[in-house]
Amino acid sequence: MEGQLEGDEMPGFPNNLDATPSEEVAAQHVDPTAELESPAQEAFSMPEETAEPSQQPEADGADKVLAAAPPPAAEEHHAEAGGDEGSLPPVDPPQAEETFAMPEETAQPTADDASPGENAEDEEAARAAEAEKKADEELAAKLAAEKAEEEEAAKLAEEEEALKKAEEEAEKKAEEEAEKKAEEEAEKKAEEEEAARLAEEEEARKKAEEEAKKKAEEEEAAKLAEEEEANKKAEEEAKKKAAEEEAAKLAEEEEARKKAEEEAKKKAEEEEAARLAEEEEARKKAEEEAKKKAEEEEAARLVEEEEARKKAEEEAKKKAEEEEAAKLAEEEEARKKAEEEAKKKAEEEEAARLVEEEEARKKAEEEAKKKAEEEEAARLAEEEAQKKAEEEAKKKAEEEEATRLAEAEAQKKAEEEAKKKAEEEAAQLAEEEEVRTKAEEDAKKKADEEEALKKAAASTSNEEEAAKPAAEEEAPAKKDEAEAAKEEEPAPEHESTEAVATRATGDDDAPSDEEAEEPAEADDEFVPADVPASRNAGGSRPVPVKRTIALLGCTSALGQRLLIRLSRDGHDIKAFTRDPARLPTLPPCVTVVTGDLFNEADLTALLSSCDTVINASGPAHKKEANVDKHTAAVEQLVSAAQSAGVQRYIALGSAATVVPGENVGFKRKAFKLALKMSLDSGFLKCKEAELQALSQTPLSWTVIRAPNIAFEPSKGTETKASETAFCGSKVIADDLAGFVADVCLSGDEWSGKAPLVGS
């Protein structure tokens with residue numbers, strides 16, 4: 001039913017008795033906005049007082065769920081009779097007749113209908129049929145609801161039974177597992193107790209030796225630690241004092257410079273003002289004197305001219321009077337003529353004089369004006385130049401101040417990073433110590449178990465023959481498990497710059513009383529499979545050419561990785577060290593050469609049969625004497641390599657090393673400053689001396705300038721390399737070993753260059 005009543009369907013009573021409760025609810029959804037289409041449908045609609053909307057939720061705010069509900073009295077009667085909640089109570093036939101009575105307007109007979117008696121009988125029959133039909137429909141709805149409830153109860157019972165069964169099975173399985181685990185633990189405990197009992201005698205014998213050895217090692221370690229602590233404390237105090245003195249000196253110099261600049265500026269301004277005032281006063285005085293002199297000269301000239309004129313007139317008059325006596329008429333005429341000529345001449349002379357004076361005056365004015373303009377232009381030019389010089393000085397001072405502030409900020413940042421790296425290094429050392437202790441305990445436990453197994457196997461000859469194959473099969477398996485555990489040990493995420501000097505390029509040839517590295521365990525196993533094959537900067541791995549390599553610094557963390565990688569590539573390696581006991585178990589291709597880096601004869605013997613040198617060593621201490629000694633030894637090594645005819649020389653350097661003529665960016669400057677603060681200038685000094693010595697030889701050399709070396713698993717990515725660009729603040733040790741093997745030993749791409757690398 002949707003939107004209207006169809007056929008004989010009644011509201012709230014489904015025609016399909018087998019329909020599920022959900023289908024019944026869906027059948028009760030009607031559209032309240034739909035209109036009845038016929039009078040018959042109107043006749044079978046529920047009256048308003050008996051049709052109440054159900055409390056079912058609305059769908060999308062539009063469709064409403066309507067259900068035919070019985071009268072309240074019927075509901076109460078049904079509840080008192082013990083009917084189920086939610087089921088429909090029975091409806092009495094009179095109620096049905098009243099509910100489904102035909103409206104009066106539809107029951108009125110028309111002129112075309114049958115007689116009144118027949119109509120009444122028909123109406124009575126129709127009402128009876130309708131009441132019977134509704135009763136049947138109510139009964140069917142009740143049966144359907146009871147059936148649905150029974151099905152729901154059966155379903156719940158089945159689910160409850162299945163859940164109970166699953167819980168019983170789970171409990172049974174848990175009990176079985178607990179029993180099995182208890183049996184295994186009891187068996188394991190018995191085996192451990194037997195092994196412990198057999199190992200007690202051996203442990204008691206070794207305990208005295210271990211305690212004596214441990215005591216000697218602790219005393220030696222304490223002595224070395226005290227010496228190192230005293231050295232570090234003295235160096236830190238000296239460095240701190242020098243930094244404070246330098247800062248105070250710089251502050252005093254800056255204050256004195258500023259004060260001198262201000263005084264010089266003030267003095268220059270006063271001198272310039274005095275000079276300008278003097279010049280202005282001198283100019284005015286000169287103009288007044290010139291004007292006065294010109295007026296005096298003009299007055300004198302006018303007086304002289306007037307006197308000359310008067311004198312000439314008197315002479316002419318006197319001459320005229322003398323001539324007048326002789327020749328009255330001629331003299332009179334001559335006098336007149338002379339007077340006219342004299343007057344004309346005087347006028348011409350006066351006019352010429354006035355013209356000359358005017359020209360002279362104009363010329364003097366123009367010259368004075370030009371001179372004043374030139375002086376003014378010179379003064380303005382001087383002022384402009386002085387202003388420009390002051391601006392340049394001010395700009396330069398601002399740039400110097402900005403540079404100083406940037407350097408101070410970089411230094412502060414580097415100090416913070418150095419402090420942080422020192423803390424990380426301390427944590428890393430503690431972690432490494434814990435890992436080493438754990439490895440020693442595991443190795444000891446393994447040895448005890450093997451010893452116990454041997455003693456148990458030796459109890460009877462038959463048991464020995466039976467246990468021998470099993471022990472031989474179990475030993476490799478345990479060895480593989482130990483190696484797998486060793487491979488799964490977490491590698492240090494990152495080492496500081498100071499760790500690069502003491503571990504990655506540690507000086508295994510430095511004097512024994514200055515040794516800073518901890519010796520490696522002599523019984524460590526050599527596992528070449530630990531180092532993955534890394535790709536070089538070209539993206540592919542070239543086929544290596546077999547070489548005879550002299551490796552220096554082989555006992556450091558980086559040196560041992562180089563040993564693993566180079567031996568895996570099939571090279572013949574001569575591991576040069578002063579203390580062979582610090583090396584792990586080595587493959588046949590590695591020959592240990594005992595010698596001292598500072599002994600020229602040892603170096604000559606080492607290089608006599610080698611075609612390649614890889615120097616991964618460096619000064620292990622900050623002492624100036626040790627740095628100078630190591631620098632001289634490295635220069636001696638370069639000379640010996642050249643004399644021995646070595647074809648390839650590879651050195652591990654630092655990214656802070658600067659090649660002559662190289663343009664260093666801000667990142668490199670900051671890195672170099674951080675390295676100087678966290679390590680020392682001695683390491684850089686040694687590496688720069690090696691680069692300088694190599695650049696002056698015809699050797700095919702490469703100096704790899706590495707940043708911080710991280711001892712962590714390789715990611716299998718390309719190792720970045722560039723002659724000029726800074727490639728990052730760290731490089732993974734395994735990637736660096738791969739770069740040496742793949743790029744430097746298999747081609748001449750970086751021959752005669754010092755590439756910067758990074759991961």
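Residues numbered from 1 in each chain as written. Predicted model: local features only at pLDDT ≥ 70, side-chain atom pairs only at ≥ 80, totals over all residues. Heavy atoms only, no water.

S.K.: Quick one: what's the story with the overall build of the protein chain, residue by residue and with numbers?
M.R.: For the protein chain, the helix and strand inventory stands at 15 helices and 12 strands. When the 759 residues of the protein chain are sorted by exposure, 26% land in the buried category. Taken as a whole, the protein chain presents about 49400 Å² of accessible surface, with 51% of it coming from carbon and sulfur. (Helix = DSSP H or I, 4+ residues; strand = E, 2+ residues; numbered from the N terminus. Buried < 20%, exposed > 50% of the residue type's maximum accessible area, 1.4 Å probe, protein only. Areas by Shrake-Rupley, 256 points an atom, 1.4 Å probe, with all protein chains shown as cover.)

S.K.: Describe in detail the side chain of Glu 272, supporting the description with residues and values.
M.R.: Relative to the helices and strands, Glu 272 resides in helix H6 (residues 116-326). Only 2.4 Å separates the side chain of Glu 272 from the side chain of Arg 275, close enough to count as a polar contact. (Polar contact = N/O pair within 3.5 Å; in protein donor to acceptor, adjacent residues only side chain to side chain.)

S.K.: Can you lay out the pattern of salt bridges for me, pointing to particular residues and giving the numbers?
M.R.: Per the stated rule, a full pass over the model turns up 36 salt bridges. Between Arg 275 and Glu 279 there is a salt bridge, with its nearest N and O atoms 2.3 Å apart. One end of the pair is Arg 275 and the other is Glu 279, both in helix H6 and 4 residues apart, which spans about a single turn. What makes Arg 275 partly exposed here is its relative accessible area of 23%. When its relative accessible area of 37% is taken as the criterion, Glu 279 is described as partly exposed. Three or more residues are tied together by salt bridges with common partners; here these are Glu 298, Arg 301, Glu 305, Glu 350, Arg 353 and Glu 357. (Salt bridge = Lys/Arg side-chain N within 4 Å of Asp/Glu carboxyl O.)

S.K.: Now, about the packing of helix H10 (residues 557-568) against helix H15 (residues 733-744): what can you tell me, with residues and values included?
M.R.: Two elements in contact, H10 and H15, have axes separated by 9 Å at closest approach and are oriented at 50°. As far as their axial angle goes, H15 and H10 are oblique. Every pair of crossing elements has a handedness; the one defined by H10 and H15 is right-handed. In this structure, H10 contributes Leu 558, Arg 561, Leu 562, Arg 565 and Leu 566 to the contact, and H15 contributes Ala 733, Asp 734, Leu 736, Ala 737, Gly 738, Val 740, Ala 741 and Asp 742. Counted by class, the contact of H10 with H15 contains 8 nonpolar, 1 polar and 4 charged residues. (Axes fitted to C-alpha atoms, helices over the stretch in contact; angles between N-to-C directions. Parallel < 35°, antiparallel > 145°, perpendicular 65-115°, else oblique. Left-handed = near helix turned anticlockwise from the far one by under 90°. Contact = heavy atoms within 4.5 Å. Nonpolar A, V, L, I, M, F, W, Y, C, P; charged D, E, K, R; others polar.)

S.K.: Residues and numbers for the nonpolar core, please.
M.R.: Counting residues in hydrophobic clusters, the biggest one holds 32 residues, and the most contacted among them are Leu 562, Leu 563, Leu 566, Ile 614, Ile 704 and Leu 736. Those elements that provide at least two residues to this core are strand E3 (548-552), H10, strand E4 (572-577), strand E7 (648-654), strand E8 (700-706) and H15. Ignoring sequence-local partners within four residues, the contact set of Leu 736 consists of Leu 558, Leu 652, Ile 704, Ala 706, Ile 709, Val 731 and Val 757. (Core = buried A, V, L, I, M, F, W, Y, C linked by side-chain atoms within 4.5 Å.)

S.K.: Explain helix H11 (residues 600-607) residue by residue, including any values.
M.R.: Among the residues of H11, Leu 603, Leu 606 and Leu 607 are the ones counted as buried. Summarising the axial view, the buried residues of H11 lie within an arc of 85°, below the 170-degree limit, and thus occupy one face. The N-cap of H11, judged by a side-chain oxygen 2.9 Å from the amide nitrogen of Ala 601 a few residues on, is Asn 599. (Arc of directions from axis to C-beta.)

S.K.: Break down the pairing of E3 for me, with residues and values.
M.R.: Counted residue by residue, E3 has 4 buried out of 5 residues, so it is predominantly covered. Where the polypeptide runs from E3 across H10 and back to E4, its parallel neighbour, the crossover connection is right-handed. Relative to strand E6 (residues 612-615), E3 runs parallel, the two sharing 4 bridges. When the bridges of E6 are listed, Leu 552 appears paired with Asn 615. (Right-handed = clockwise from strand over helix to strand, strands pointing away. Pairing = 2+ DSSP bridges.)

S.K.: Tell me about the pairing of E8, residues and numbers included.
M.R.: In terms of burial, E8 is largely enclosed, as 7 of its 7 residues are buried. Both faces of E8 are covered, namely the face carrying Ser 700, Thr 702, Ile 704 and Ala 706 and the face carrying Trp 701, Val 703 and Arg 705. Here E7 runs beside E8; their pairing, made up of 7 bridges, is parallel. Along E8, the bridge assignment pairs Ile 650 with Thr 702.

S.K.: Tell me about the confidence of the model for the protein chain, and name the residues and values.
M.R.: Of the residues in the protein chain, 70% have a pLDDT of 70 or more, and the chain-wide mean is 76. In this model residues 32-70 is a low-confidence stretch, pLDDT under 50, and it forms 47 contacts with partners more than four residues away in sequence or in other chains. For residues 484-540, every residue scores under 50 in pLDDT, and the model assigns this stretch 178 contacts once sequence neighbours within four places are set aside. (pLDDT = per-residue confidence, 0-100.)

S.K.: Report on the environment of Glu 357, specifying residues and quantitative values.
M.R.: Its location among the elements puts Glu 357 in helix H7 (residues 328-457). Sequence-wise, Glu 357 and Glu 298 are 59 residues apart; in three dimensions their C-alpha atoms are separated by 8.8 Å. Excluding its chain neighbours within four sequence positions, the residues that come into contact with Glu 357 are Glu 298, Arg 301 and Leu 302. There is a polar contact of 2.3 Å between the side chain of Glu 357 and the side chain of Arg 353.

S.K.: Any details on H15? Residues and values, ideally.
M.R.: For H15, with 12 residues, the first-to-last C-alpha span of 16 Å sits near the 16 Å given by 1.5 Å per residue. In terms of burial, H15 is a largely internal element, 12 of the 12 residues being buried. (Expected span 1.5 Å × (residues − 1).)

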